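# Inside the fold
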Amino acid sequence: MPKPRLSPAIPVLTVLSLAPVIAGAAPAPTAADRRLEALKREAAAEVDRMQGVTQRTIDTVFSFGELGFQEVETSRYLVGVLRENGFEVREGVFGIPTAWVATWGHGKPVISLGSDIDAIPKASQKPGVAWHAPLVEGAPGHGEGHNSGQPVNITAAIAVKKIMEREHLSGTLVLWPGVAEELLGTKAYYVREGLFKDTDVVLFSHVDNEMKVNWGQPDGSGLVSVEYTFHGEAAHAGVAPWRGRSALDAVELMDAGWNFRREHLRTEQRSHYVITRGGDQPNVVPSLASVWYYFRELDYPHIQSLFEAGNAIAKAAAAMTETTVEWRILGAAWPQHFNKPVAEAMHENMLAVGMPAWSAEDQALAKGVQHELKAEEKGLETKVAKLEAPPAEPKGGGSDDIGDVSWTVPTVTLQYPSNIPGLPGHHWANAVAMATPLAHKGATAGAKVQAMTILDLLLRPDLVAKSWSYFRDVQGKDTKYTPLIGPQDVPATWLNRETMERYRPEMRKHYFDAARYKTYLEQLGVTYPTVR
């Protein structure tokens, strides 16, 4: 019979104790089952006791608001928290200054926990204020909520670590950051450099407005991120333009060519570009110009086909303008595919934990932001999302380089409810909730689920075995992972450097001071919620 719906108001300790006595729901629990259940209750209670740690970590990382590859303060702070709690940390790994790997424990299984840490351009925002109110005008901010995922994982890992030490459980916990996820900039390199070669299962976490987990290939795309640079010849544009060869002309011809090509591409594709360099001033024929493309599709062959078409059009544009062209990959992401057995186990833990008990203030903030954005004013989600089969025909959309990891080792993504439904994404509005009680409660609920799923993997060898059977026999039956990056490609660690150098001095004035204030809202003097 289907599992009954459990009220989120019932404490997790009670919920877990009810599960085995539901008539006909399952065979009588074994001693191992009862032990696992008891340890899950203990882990959830420990996560509750650590709510202050979770909140401070969320608020601190929010206040840094650093763009991809420049997450200097963020990584320094997170590494400090992990070392204080007994993890061994290697910094600056894989040629990426803000990347690190934290490890604790020994032996199998090796459980890897990841989450992104970078912010969004021009998304600076006062938390708890339901309209556009930047902390620093024009500066970046956490307009995706990446400030909350590492706190989820760190809280869960510390809670489970205490149990593992007392119970003498074999297993290794490995934590790592998704550096420059918005640029799809690092996870393929993590795979290439062997971060996951001994890993049994990866538990990723990502902010959402729901509590959910997927299996199979969800809607969304993979991509390759490419910058094309054209080289021409400078000349005085007023006196002797015929002596020049415009690199900007080549960029514009490439863009025109690509836009004409769109009519003849599959509807599943997504492609978009920005001109990153267009010359110096109008009276000088541009000798250097660059354009940056994202080519998105549903599978590797179609992504590669788009890439090759882009290369051909770039060469043609160079030929028409008597310029030369070169290109470099700045990032890549395979389409995602998530593990069914682990997703099923995680979903059971979600049902046990339930959604947070939202306050009237939480709902008021959500509806205030929805009103500001002219979205449906429905407030916050109150039910755990169903675990549904993947779409028969996935649609194109967003990307995440966790896809490369998911084709390397059994992987799932925990989506926890720390944000507001109905928002645009990559926007200042998505930062409004991210250093408020709404985000703190959602992350605490997510940390409980993550901790309980770690315990499932530690104490249920059959679950790890099933995850690999699915990975090899179902997911990998007809598809082989081929990296979109080549052996000569390197992480684009120079990106966003100038932007952060411009804004960081002013942003630094707003860093969270946890020694003086309990919350970031208190430091900023923001009344929760502030709505129109």
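This section reports on the structure supplied with the text. Sequence order as written defines residue numbering, which begins from 1 separately in each chain. Given that the model is predicted, a residue must reach a pLDDT of at least 70 before its local features are reported, and side-chain atom pairs must reach 80 or more before they are shown or counted; all residues, however, enter totals for whole chains, interfaces and linings. Just so you know, side-chain values use all the structure's heavy atoms and leave hydrogens and water out.

### Comments concerning the overall build of the protein chain
- Secondary structure elements follow DSSP: runs of H or I of four or more residues count as helices, runs of E of two or more count as strands, with numbering from the N terminus. A count of helical and extended segments in the protein chain gives 15 helices and 10 strands.
- At 24 Å, the protein chain has a C-alpha radius of gyration in line with the 24 Å of a compact globule built from 532 residues.
- Taken along its principal axes, the extent of the C-alpha atoms in the protein chain is 85 × 55 × 45 Å.
- Residue burial is assigned from relative accessible area. The probe radius is 1.4 Å, only protein chains are included, and a residue is buried under 20% of its type maximum, exposed over 50%, and partly exposed in between. Looking at the protein chain as a whole, 57% of its 532 residues are labelled buried.
- Note on definitions: a residue-residue contact is assigned when non-hydrogen atoms from the two residues lie within 4.5 Å. Within the protein chain, residue pairs in contact and separated by at least 24 positions form 81% of the contacts whose partners lie at least 6 positions apart.
- Here the protein chain displays about 22100 Å² of accessible surface, and carbon together with sulfur accounts for 52% of that area.
- The positive charge centre, built from 53 side chains, and the negative charge centre, built from 62, are 4 Å apart in the protein chain. Throughout, the radius of gyration refers to the C-alpha atoms, and the reference size of a globule is 2.2 Å times the residue count to the power 0.38. Surface accessibility in these figures is a Shrake-Rupley result with a 1.4 Å probe; residues are shielded only by whichever protein chains are displayed. Only four residue types enter the tally: Lys and Arg on the positive side, Asp and Glu on the negative side; His and the chain ends are excluded. Each charge is placed at NZ for Lys, CZ for Arg, CG for Asp and CD for Glu.

### Thoughts on helix 14 (residues 497-508)
- With 12 residues, helix 14 should reach 16 Å at 1.5 Å per residue; the first-to-last C-alpha distance of 16 Å fits that figure.
- Every buried residue of helix 14 is listed here: Met500, Tyr503, Arg504 and Met507. With its buried residues spanning 130 degrees around the axis, helix 14 presents them on a single face. For helix 14, the exposed residues set more than 90 degrees away from the buried face come down to Glu498, Glu501 and Arg502.
- In the core, the buried residues of helix 14 are packed alongside helix 3 (51-64) and helix 4 (72-84). To estimate how far a helix should reach, multiply one less than its number of residues by 1.5 Å. An arc is given here, and it is the one of the directions from the helix axis to the C-beta atoms.

### Concerning helix 12 (residues 437-459)
- Spanning 23 residues, helix 12 covers 33 Å between terminal C-alpha atoms, matching the ideal 33 Å at 1.5 Å per step.
- Most of helix 12 is tucked away, with 20 of its 23 residues classed as buried.

### Here's the deal with the sheet that holds strand 7 (residues 270-277)
- Two strands are counted as paired when DSSP detects at least two bridges linking them. An order of 7-8-6-9 is seen for the 4 strands of this open sheet, with the pairing classed as antiparallel. Each edge of the sheet is formed by a strand with only one pairing partner; in this case those strands are strand 7 and strand 9 (324-333). Strand-to-strand twist of the sheet, defined as the mean angle between neighbouring strand axes without regard to direction, takes the value 20 degrees.
- Relative to strand 9, strand 6 (residues 222-231) runs antiparallel, the two sharing 9 bridges. Looking at strand 9, one finds that tyrosine 228 is bridged to tryptophan 327.
- Note on definitions: angles span 0 to 180 degrees between N-to-C directions of axes, and those axes are lines fitted to C-alpha atoms, for helices only across the stretch in contact. Against the sheet, helix 7 (residues 247-261) makes contact with strand 6, strand 7 and strand 8 (288-297), and its axis sits at roughly 20 degrees relative to strand 8, the strand it touches most.
- Here helix 8 (residues 300-321) sits on the sheet in contact with strand 6, strand 8 and strand 9, set at roughly 10 degrees to strand 6.

### Structural notes on empty space enclosed by the protein
- Grid points spaced at 1 Å and placed over the protein atoms alone form the basis of the search, with a cavity being a set where a 1.4 Å probe fits but cannot get out and a pocket an open set showing protein on both sides within 12 Å along at least five of seven lines. Lining residues have an atom within 4 Å of a point. Grid points are joined across faces, edges and corners, and a volume is the space filled by probe spheres set on the points. Inspection of every chain in the model, using the stated rule, returns 2 cavities of 30 Å³ or more.
- Its boundaries defined by the atoms lining it, the largest cavity holds a volume of some 100 Å³.
- With 3 residues, the single largest contributor to the lining of the largest cavity is helix 3.
- Gly falls in the polar group here, along with every residue not listed as nonpolar (Ala, Val, Leu, Ile, Met, Phe, Trp, Tyr, Cys, Pro) or charged (Asp, Glu, Lys, Arg). Its residues assigned to classes, the lining of the largest cavity comprises 8 nonpolar, 7 polar and no charged.
- Taken as a whole, the second largest cavity spans an internal volume of roughly 30 Å³.
- Looking at the lining of the second largest cavity, its residues break down into 2 nonpolar, 3 polar and 1 charged.

### Here's the deal with the pairing of strand 4 (residues 171-178)
- Most of strand 4 is tucked away, with 8 of its 8 residues classed as buried.
- Note that strand 2 (residues 100-106) and strand 4 share 5 bridges and pair antiparallel. Across the sheet, residue alanine 102 finds its bridge partner in strand 4, namely leucine 175.
- Across 7 bridges, strand 3 (residues 110-116) lies against strand 4 in parallel orientation. If you follow serine 112 over to strand 4, its bridge partner there is valine 174.
- Here, the term right-handed applies to a crossover whose path from the first strand over the helix to the second runs clockwise when the strands point away from the viewer. The parallel pair strand 3 and strand 4, bridged by helix 5 (residues 149-167), forms a crossover whose chirality is right-handed.

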